[in-house]
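Coordinate inspection notes
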Amino acid sequence: MKDGASKYILKKRLELVVIYIFLGIVALTCILPLLWMFGSSLKTQGTVFSDPSLIPAHPEWRNYYLAWTKGEFGIYFLNSIFYTAVVVFGIIIVSSLAAYGFSRLKFPGSNFLFHMFLAAMMVPLPGSFVPLYVLVNNIRKVLLNFLTAISPQLAHIFPQGFVQQSNTFILNQVFPRGAYVFCMINVGLSLSIYILKTFFDKMPKELEDAARIDGCNKLGIWRHVAIPLAKPAIAVITIFNSLNVWNEYILAQLILSSKETMPLQRGLIVFQGMHVTDYPLLMAGMTMTAIPIIIIYLIFQKYIIKGITAGALVG
Amino acid sequence: MKAKSILINYLFVLPAVLIFGIFYIYPFLKVFQLSLMEWDGILPTMQFVGISNFKEIMTDKIWWDSMWHAGYITLIALTFQNGLALLLALACDREIKYGNIFRVIFFIPPILSEVVVGLIWQWILDGNYGILNNAFNAMGMHSLVRNWLSDPKTALTCIAVVHSWKGFGWGFIILLAGLQTIPKQLYEAAKVDGADSWQVFTKITIPLMIPVFSMVIILTILGSMQVFVLIISMVGQGLVHHTDVPVLRILASMTGSSRFGYACAQGIIFGLVLIIISFTQKKLSERIKQA
């Protein structure tokens, strides 16, 4: 009897050891490529092919400075921060307004409109970037015509050079950035509205009633009652959308053609496509792209995983 | 007063509806209009050609090949990626030390961008300098050394494996979440009744997990069929046909050969294929559930 029990324990132990080895190996395959990317970013163009060590003995930290300046990853990095911040802020405002409307306010067609957003999450639309590109180009043409039409008038008021400069600035900077921001807000809208609406639906109505008696109008209730209460849901959509925008590639390729407006993902492909690729600098750029995401993930992993499961459950 | 109140209510959803209308509904409808046109994307005039774009797609061998390539990547994702995800989820669905650390690590590849993942693995699999070939050489297995990403025999498999590497952590999280909803009393009751682990797995775990499996399968299919940024970063955009997938063909029709109408027609066909696949899968899993 005692023999059987110890045999059972031994079998359980062995099972655990096998499980740990299995988990450990898979975990290593997740981490090693990243460590190797980081290590390569600290080598030189000469040693990057020959030095097999994971982290070199003499790390070239200067690569990060060079990647930031010469490799233009500094511009890309700041652009990525800009797009992520603006798009996520936009999504929070637009989707929380809409979700509050769908959840609490009555108007004809509200059910239909909400289901339209839901349907957008479920109908696959591959190649939707084609008409989106056409749309952005058309708006750009209209804008160009408008600017050329009003330039002569503006030239009476402002110096000629200033008008021209501001026109190029609008066409090459403001417009592509704005177009990209709106496209990306649209990408994150449906899921965010869905998450926030489910949250608002479960929220107790009493607080809103109290605020109404205190003289708050609908917008005031949204701002001072709904938004503060929805903080956990807003955290989920903030992190989820941040990852999405930071990692987006194809719309950036189609809409943002100049280097001054490109985000990191696009910048990496451009840098890699150059004739002589400076691998350590490329790896430094990749590390710069990955590190913020990994840090944010490590801090907020609970929210991220919640967002992923929520996103999957809708689909 | 009433009308004004309804008007104010509309204002809450107006920004969302406007953005959605301009950047989702309009392009959605525009695809159908453009698919009937021959248009280079630049000239103000487009030529109406009826369904000739669709007819052309039917005999476009490169297009259908690209569809098979995506199907192959999807097949590997369904088996290798989801199989690994399920094994890991089963391993973590118990009292183990450091379980949370493993969970955190497995989810790192899914949060990285396809560009970064693609470039890392391109560098690992590189024919001349790649760490994989170096490792094979160091171990004396010279016969295994090859140009992984330019050899048509291995390129697609490498892409599929990297895609699975990036995706298994995602499947793992969802499957684990599903496993944890199964009440532990069920397992205990089965143990008391004398069931072994295999019986518990096939008679309790699998039947209860069918809805989760079904969801993971659909999302894997939709995600894997539409993979393309990973391929751009691993082998470049449209340089070779043996790693082409439908979305890359659409992109090539648009930016490469400037045929916007054809690109839209391809998008519609591909969208239909995806809808048919997920519909069939849904029906199948419903039938399995009833059986």
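Just so we're clear, the structure is a prediction, and the values are computed from it rather than from any experiment. (Residues numbered from 1 in each chain as written. Chains lettered and ligands numbered in written order. Predicted model: local features only at pLDDT ≥ 70, side-chain atom pairs only at ≥ 80, totals over all residues.)

Another point: helix α8 (residues 218–229) of chain A. Residues and elements named next belong to chain A. Here α8 spans 15 Å end to end across twelve residues, near enough to the 16 Å set by a 1.5 Å rise per residue. When we look at burial in α8, the residues that qualify are I221, W222 and A226. Relative to the axis of α8, the buried residues are bounded by an arc of 100 degrees and lie together on one face. Where α8 is buried, its residues contact α3 (73–104), α6 (160–202) and α7 (206–213). (Helix = DSSP H or I, 4+ residues; strand = E, 2+ residues; numbered from the N terminus. Expected span 1.5 Å × (residues − 1). Buried ≥ 20, exposed ≤ 12 C-beta atoms within 10 Å, placed from the backbone. Arc of directions from axis to C-beta. Contact = placed C-beta atoms within 7 Å.)

Turning our eyes to something else, we now look at helix α8 (residues 152–179) of chain B. Residues and elements named next belong to chain B. Compared with an ideal rise of 1.5 Å per residue, which puts 28 residues at 40 Å, α8 spans 39 Å between its outermost C-alpha atoms and is within 8% of the ideal. A bend of about 40 degrees at G167 is the largest found in α8. Most of α8 sits inside the fold, with 21 of its 28 residues counted as buried. (Bend = angle between axes of the 7 residues up to and from the residue.)

Many analyses report the size of an interface as the accessible area lost when the parts associate. Taken together, the contact between chain A and chain B spans 63 residues of the former and 67 residues of the latter. Among the elements of the structure, α1 (2–40), α3, α4 (110–122), α5 (129–157), α6, α9 (231–247), α11 (264–272) and α12 (279–314) of chain A are those that each provide at least two residues to the side of chain A that touches chain B. No other element matches the twelve residues that α12(A) contributes to the side of chain A that touches chain B. Split into classes, the residues belonging to the side of chain A that touches chain B amount to 49 nonpolar, twelve polar and two charged. (Nonpolar A, V, L, I, M, F, W, Y, C, P; charged D, E, K, R; others polar.)

Generally speaking, soluble globular proteins have nonpolar side chains that are buried together. In terms of nonpolar packing, the biggest core is built from 154 residues, with V130(A), A16(B), L88(B), I159(B) and I231(B) touching the most fellow members. Discounting chain neighbours no more than four positions away, the residues touching A16(B) are V94(A), S95(A), L97(A), A98(A), L189(A) and I193(A). (Core = buried A, V, L, I, M, F, W, Y, C linked by C-beta atoms within 7 Å.)

A separate point is the confidence of the model for chain A. Model confidence for chain A is summarised by a mean pLDDT of 89, while 96% of its residues fall at 70 or above. Of all the helices and strands in chain A, α12(A) carries the lowest mean pLDDT, 84, while α3(A) carries the highest, 96. (pLDDT = per-residue confidence, 0-100.)

Another point: the environment of T44(A). All names here are of chain A. Tracing the backbone through its elements, the reader meets T44 in the loop between α1 and α2 (62–69). Assessed through the 15 C-beta atoms surrounding it within 10 Å, T44 is described here as partly exposed. In this structure, the C-alpha to C-alpha distance between T44 and P59, residues 15 residues apart in sequence, is 8.8 Å. Ignoring any residue separated from it by four or fewer positions in sequence, one finds T44 in contact with E60 and P280.

Further remarks concern the packing of α5(A) against helix α13 (residues 260–290) of chain B. For the pair α5(A) and α13(B), interaxial distance at closest approach is 9 Å and the crossing angle is 140 degrees. Here α13(B) runs oblique to α5(A), going by the angle between their axes. Between α5(A) and α13(B), the residues in contact are V130(A), P131(A) and V134(A) and F260(B), A263(B), C264(B) and G267(B), respectively. A per-class count over the contact of α5(A) with α13(B) returns six nonpolar, one polar and no charged. (Axes fitted to C-alpha atoms, helices over the stretch in contact; angles between N-to-C directions. Parallel < 35°, antiparallel > 145°, perpendicular 65-115°, else oblique.)

Confidence in the prediction of chain B, expressed as mean pLDDT, is 90, and 99% of residues score 70 or more. Across the predicted assembly, pTM comes out at 0.92 and ipTM at 0.91.

Next up on the list: the packing of α3(A) against α6(A). All names here are of chain A. Two numbers describe how α3 lies on α6: the axes approach to 7 Å, and their chain directions differ by 40 degrees. Taken together, the axis directions place α3 and α6 in an arrangement best described as oblique. For the element pair α3 and α6, the recorded crossing hand is right-handed. Counted by class, the contact of α3 with α6 contains 17 nonpolar, six polar and three charged residues. (Left-handed = near helix turned anticlockwise from the far one by under 90°.)

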